[in-house]
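Residue-level listing of the chains:
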Amino acid sequence: MNKYLFQFIALARQHRVAAALLFLLVFPFLMPYDALSVNILIFGLYAVGFNLLFGYTGMLSFGHAAFLGVGSYLAGIAVVHAGWPWWAAILAGIASSSLVGLVIGFLAIRTRGIYFSMVTLALGQIVYYVFYKADHWTGGENGLRGVKVEFIDLPGISINFLDPLNKYYVIYVFVALALWFLSRVLSSPFGAVIEAIRENEKRAAACGYDVARAKLLVFVLSAGICGLAGTLRALHLSVVPIDSLHYLQSGQAVMMCLLGGMGTFFGPFVGAAVFLYLEDVVTNLTRYWMGVVGIVFMVFVLFFPKGLWGTLLHQLERWQGRQGGAA
């Protein structure tokens, strides 16, 4: 049984984009209700963006909620205040979050380690208070309401976006494009550079790579992917809550990444599924759900330090090593 499981995982790892998309294609039918699968899809994409910076480049940010929130708010403002169509609102959200990522990244990459994390946290909170005070545009503490997209109009077809299953597959298309783009980035020479920076930044610089420019670029790409997740969340909820920008939202990205397996392609979706499913189940049992989820998170960190998906991949490598030795 283990042999066939590991062979399946090896095949999925070899064709990671196709395997991820095939699983996500049937994912709504595995969940108790469609709205939960939509949330997992969106937050999985958010964790994927964070994982590009943390898991693949080794830069731990505590301010990534800024990009999720900016994407949500700018998409919402484009719809509510400017009357833009849904596709233009998505582009506005991605562009604005990438621009904010450029500014924050330019300031943050001058530091390292815990100082980098603290700078991103501080800058992320500045973004939070800017949007909190701009209540004419953002609704302040009440959030931005009225981000209504009832139909997705395409040439020759109109999709009812209020139907949860339709909504899932519309968002699925954007997630598929993001995963394809991410896979291309990771398979490129630039992908090798950022992994070299993660392993040994000084040695990467000694090899002639422009470390500062690579770190800034990966920061912007990470912000753009998180911004896309934010725009999709705004269209999904029809509102943009102010807690989209809160540092606790940044902490969720860290938890999802660690639960699934940092530095793995599909791990963020596994982590998002575990976290949000646990939250959904435990909140029906007790109001102290954060404590229960925190205990589960500590157990996973202690016994599965590579995360669930990362542990499976590690076991696959050991199995392949034994097979090679036996040959």
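Just above, that's the structure.
Here we summarise the structure given alongside this text. Fair warning: this is a prediction, and the values are worked out from it, not measured in the lab.

With that out of the way, let us pick up helix α11 (residues 211-237). Between its first and last C-alpha atoms α11 spans 39 Å; for 27 residues at 1.5 Å apiece the expected length is 39 Å, and the two agree. In terms of residue burial, α11 counts as a mostly covered element, since 23 of its 27 residues are buried.

Next up on the list: unusual backbone geometry. Glycine aside, a negative phi is what most residues show, and trans is what most peptide bonds show. Backbone geometry places S238, a non-glycine residue, at a positive phi of 70°. Tracing the backbone through its elements, the reader meets S238 in the loop between α11 and β4 (239-240).

The subject of this paragraph is the pairing of strand β3 (residues 157-160). Where strand β2 (residues 151-154) meets β3, four bridges bridge the pair, whose relative direction is antiparallel. In the strand pairing of β3, L154 is matched with I157. A loop of two residues connects β2 with β3, the two strands running antiparallel in sequence, and G156 in this loop sits at a positive phi of about 85°.

Turning our eyes to something else, we now look at the environment of L91. For L91, the location among the structural elements is in helix α5 (residues 86-108). When its relative accessible area of 52% is taken as the criterion, L91 is described as exposed. The sequence separation of L91 and G71 amounts to 20 residues, and the corresponding C-alpha distance is 9.2 Å.

On to the packing of aromatic side chains. Think of a pair of aromatic rings as described by two things: how far the centres are apart, and how the planes are tilted against each other in angle. Per the counting criterion, the structure on display carries 16 aromatic pairs. When the centroid spacing of 5.7 Å and the interplanar angle of 45° are considered together, the rings of F23 and F27 count as tilted. Under the relative-accessibility criterion, F23 is labelled partly exposed at 35%. The exposure class assigned to F27 is buried, which follows from its relative accessible area of 5%. A centroid spacing of 5.7 Å and a plane angle of 40° characterise the contact between F300 and F304, whose relative ring orientation is tilted. One aromatic cluster is present, formed by F23, F27, F266, F269 and W309 through successive ring pairs.

Rules behind the numbers
Residues numbered from 1 in each chain as written. Predicted model: local features only at pLDDT ≥ 70, side-chain atom pairs only at ≥ 80, totals over all residues. Heavy atoms only, no water. Helix = DSSP H or I, 4+ residues; strand = E, 2+ residues; numbered from the N terminus. Expected span 1.5 Å × (residues − 1). Buried < 20%, exposed > 50% of the residue type's maximum accessible area, 1.4 Å probe, protein only. Pairing = 2+ DSSP bridges. Phe/Tyr/Trp six-rings, centres within 6.5 Å; stacked < 30°, edge-to-face > 60°.

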